[in-house]
Amino acid sequence: MTSTALSTVILAAGKGTRMKSRLPKVLHEIAGRPMLGHVLANTRFEGSARTVLVVGPDMDQVADYAHSQRDDLAVVVQKSQLGTGDAARTALPELRDGEGVVLVVFGDTPLVRAGTLADMVETCRMSGSIVILGFEAADPTGYGRILLDNGKVRRIVEHKDANEEERRTRLCFGGPMAVPAAHFGKLLEGLSNDNAQGEYYLTDVVSLGRDAGIDCVCVICPEADIQGVNSRADLAAAEASLQQRMRREAMAEGVTFLDPDTVYLSFDTKFGRDVTVGQNVVFGPGCDIEDAVTIKAFSHLEGAKIAEGAEIGPFARIRPGSEIGRKARIGNFVETKKAKVEEGAKINHLSYIGDARVGPRANIGAGTITCNYDGYRKFFTDIGAGAFVGSNSSLVAPVKIGDGAYLGSGSVVTKDVSADALAVARGRQIEKAGWAAAFRAKNESIKKTSSGD
Ligand code: UD1
Ligand code: CA
């Protein structure tokens, strides 16, 4: 290992009691991904030597999730929650001593940008100083205050330990801290719990460093980036803040939102250029929207790929495994699931198309349903190129409609239909001449003789 080595320590042992949840705090989701997932993604650095996740006892669920996201990860258990400094200390045996930089981040602060963390690491590496992330808090209550002395960071004082004057400081500590690895273990050993909360504070590393002649540099970021999550209300606020950030990024990349505040994105939503998204559209995880797609109001998409020039909605539900081809058209009250809708195909109204392929230029009439499930298994429906499925048809899978075939409206199709054939699978219409008139005449005479009540 060279001096460029980087170890990351993620603290997530806190119980998160204020969430009032069975789910560990860091597994609560923001933009369709657990908070911890955001932290793991934002600390995925080139050449990172080691990532150590600190969890509490009985947090196997957190460890399992972390392992599923990253294979370069060690998980350690902090037996009792004696503070952020103690949590960092728990990670020490997993760190390669003395090499490069140790970056400490909090699992409950998911909005810190990867670029900010990279800057901190770089500054630490170049200067050999401790680097902390600070922000100007609109309301600093509860946060550690960063105290300066001749323009230099002197120490961080926790809210509960601060005096009146110190509490007036709005420059607060956001959580992330980069420390030269050579000093990290020694500084942590020097921590005491002689403070208002009886905890070992990671933040005391700053004053201990200064006493030992190690400077501390503060990198500043916007308050919105370090929003911590301690309650459900904080979770909602962090969600709102990340949504706003992602919308701005999408618009900067050439997406039109007719009413941005009503469009909800996921952490991995991908857009091409000249996409237009109407009001009240929700993108669940796994959506890839190519160039020049139009998504109209009140549509819900998840796990879907929408190819160039396709039109979706209004009121469409595109479920996982849907691939909507170029210039295809999915209209109102249409649900698709595991459906490959090929180029130029149209499903314009009131349909369920699941476990199916709809060939290029096929036209699916209003009210068409693929009957894909028999209560035990799912079956596939294959609709050929240019086929025409009449309105209100049920396609009982497994079934194949050949290329260019025509299906009469109201059909319940249980057998394959050959290419270019016409299939009609419904009761034949019969007609009885004069029947209605005779029926009325008979009933009129009954009415006259009865009491009529
Ligand atoms: C901490 C900082 C405070 C800062 C704020 C920013 C300290 C002492 N204080 O306060 O200066 O302004 O974050 O959000 O560091 N954790 C453990 N083990 C423990 C205690 C905590 O792993 O024993 C983890 C928690 O799971 C959490 C993180 O450390 O992810 C922060 O702990 P928390 O108790 O929320 O610290 P704050 O009081 O918010
Ligand atoms: Ca916190």
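All chains use their own residue numbering, which begins from 1 and follows the written sequence. Chain letters start at A and ligand numbers start at 1, both assigned in the order the entries are written. A pLDDT threshold of at least 70 governs which residues receive local features in this predicted model, and a stricter bar of 80 or more applies before side-chain atom pairs are shown or counted, although totals over entire chains, interfaces and linings include all residues. To obtain the side-chain values, all non-hydrogen atoms of the structure were included, while hydrogens and water were left out.

Draft legend 1. Molecular detail of helix H8 (residues 232-252). Helical segments are the DSSP runs of H or I of at least four residues, strand segments are the runs of E of at least two, and each set is numbered from the N terminus. Here, expected helix span is obtained from the residue count minus one, scaled by 1.5 Å. Across its 21 residues, H8 extends 30 Å between first and last C-alpha, which sits within 8% of the 30 Å expected from 1.5 Å per residue. Buried within H8 we find Leu235, Ala238, Ser241, Leu242, Gln243, Arg245, Met246, Arg247 and Ala250. Tucked inside the fold, the buried residues of H8 contact strand E2 (29-30), helix H1 (35-42), strand E12 (255-257) and strand E13 (270-271). Following H8 by one or two positions, Gly254 adopts a phi angle in the positive range, close to 100°. For each residue, the accessible area found with a 1.4 Å probe, counting protein chains only, is set against the maximum for its type, and the residue is called buried under 20%, exposed over 50%, and partly exposed in between. Every residue pair with non-hydrogen atoms within 4.5 Å of one another is taken to be in contact.

Draft legend 2. Geometry of the packing of aromatic side chains. A pair of Phe, Tyr and Trp rings is counted when the ring centres sit within 6.5 Å of each other, with Trp represented by its six-membered ring. The angle between the planes then sorts it: under 30 degrees is stacked, over 60 is edge-to-face, the rest tilted. Counted according to the given criterion, the structure contains 8 aromatic pairs. Geometrically, the ring pair formed by Phe315 and Phe333 is stacked, given 5.2 Å between the ring centres and 15° between the ring planes. In this pair, Phe315 sits in the loop between strand E20 (311-312) and strand E21 (317-318) while Phe333 sits in strand E23 (residues 329-341), placing the two residues 18 residues apart along the sequence. One aromatic cluster in this structure is built from Phe257, Phe271 and Phe283. Here the guanidinium or amino end of Arg89 rests over the ring plane of Tyr200, the centre of that ring lying 4.5 Å away. The ring centre of Tyr264 lies 5.2 Å from the NZ or CZ of Arg247, which sits over that ring. Here, a charge over a ring is recorded when the distance from Lys NZ or Arg CZ to the ring centre is within 6 Å and its angle to the ring normal is within 35 degrees.

Draft legend 3. Representation of helix H3 (residues 84-91). Inspection of H3 places Gly85, Asp86, Ala87, Ala88 and Ala91 among the buried residues, and these make up the whole buried set. In this fold, the buried residues of H3 make contact with strand E1 (6-12), strand E4 (48-55), strand E5 (73-77) and helix H6 (181-189).

Draft legend 4. Expanded view of the site of ligand 1. The environment of ligand 1 is formed by 21 residues, the closest being Gly14, Gln78, Thr84, Glu158 and Phe173. Distance and chemistry together define a polar contact, namely a pair of N or O atoms within 3.5 Å, with one atom able to donate a hydrogen and the other to accept it when in protein, and with adjacent residues in sequence counting only for side-chain atoms on both sides. Contact between ligand 1 and Leu11: an oxygen atom at 2.9 Å from a main-chain N or O atom of the residue. Per-residue and other accessible areas follow the Shrake-Rupley method at a 1.4 Å probe size, with only the shown protein chains counted as cover for residues. For ligand 1, whose unbound accessible area comes to 750 Å², protein coverage reaches 86%. The pocket and cavity definitions rest on a 1 Å grid over protein atoms only: a 1.4 Å probe that fits but cannot leave marks a cavity, an open set with protein on both sides within 12 Å along at least five of seven lines marks a pocket, and residues lining either have an atom within 4 Å of a point. Those molecules having more than half of their atoms within 2 Å of a cavity or pocket grid point set are described as sitting in that cavity or pocket. Spatially, ligand 1 is embedded in the largest pocket. Among the residues making up the shell around ligand 1, the classes are represented as 9 nonpolar, 10 polar and 2 charged. Nearness here has a simple test: a residue counts as near a molecule or strand if at least one of its heavy atoms is within 4 Å of that partner. Under the convention adopted here, Pro, Cys and the residues Ala, Val, Leu, Ile, Met, Phe, Trp and Tyr are nonpolar, Asp, Glu, Lys and Arg are charged, and Gly plus all remaining residues are polar.

Draft legend 5. Up close: the packing of H1 against helix H2 (residues 60-69). For every element, the axis is a line fit to its C-alpha atoms; helices are fit only across the contacting stretch, and the angle between N-to-C directions ranges from 0 to 180 degrees. Direction vectors running N to C along H1 and H2 enclose 40°, while the axes themselves pass 10 Å from each other. Considering their axes alone, H1 and H2 lie oblique with respect to each other. Of the two possible hands of crossing, H1 and H2 adopt the one that is right-handed. Seen from H1, the contacting residues are Leu36, Gly37 and Leu40; seen from H2, they are Val62, Tyr65, Ala66 and Gln69. Just so you know how the angles are binned, under 35 degrees is roughly parallel, over 145 roughly antiparallel, 65 to 115 roughly perpendicular, and the rest oblique. Handedness of each helix crossing follows the sense of rotation of the near helix against the far helix: counterclockwise by less than a right angle gives left-handed, clockwise gives right-handed.

Draft legend 6. The arrangement of the pairing of E23 in detail. Pairing between E20 and E23: 2 bridges, direction parallel. Looking at the pairing, Ile312 lines up with Ile330 of E23. Direction of pairing for E21 relative to E23: parallel, over a ladder of 2 bridges. Its bridge partner lying in E23, Ile318 is registered against Thr336. Any two strands with at least two DSSP-identified bridges between them are counted as paired. Sheet topology places strand E22 (residues 322-324) next to E23; 2 bridges connect them, and they run parallel. Across the sheet, Glu323 pairs through a bridge with Lys340, a residue of E23.

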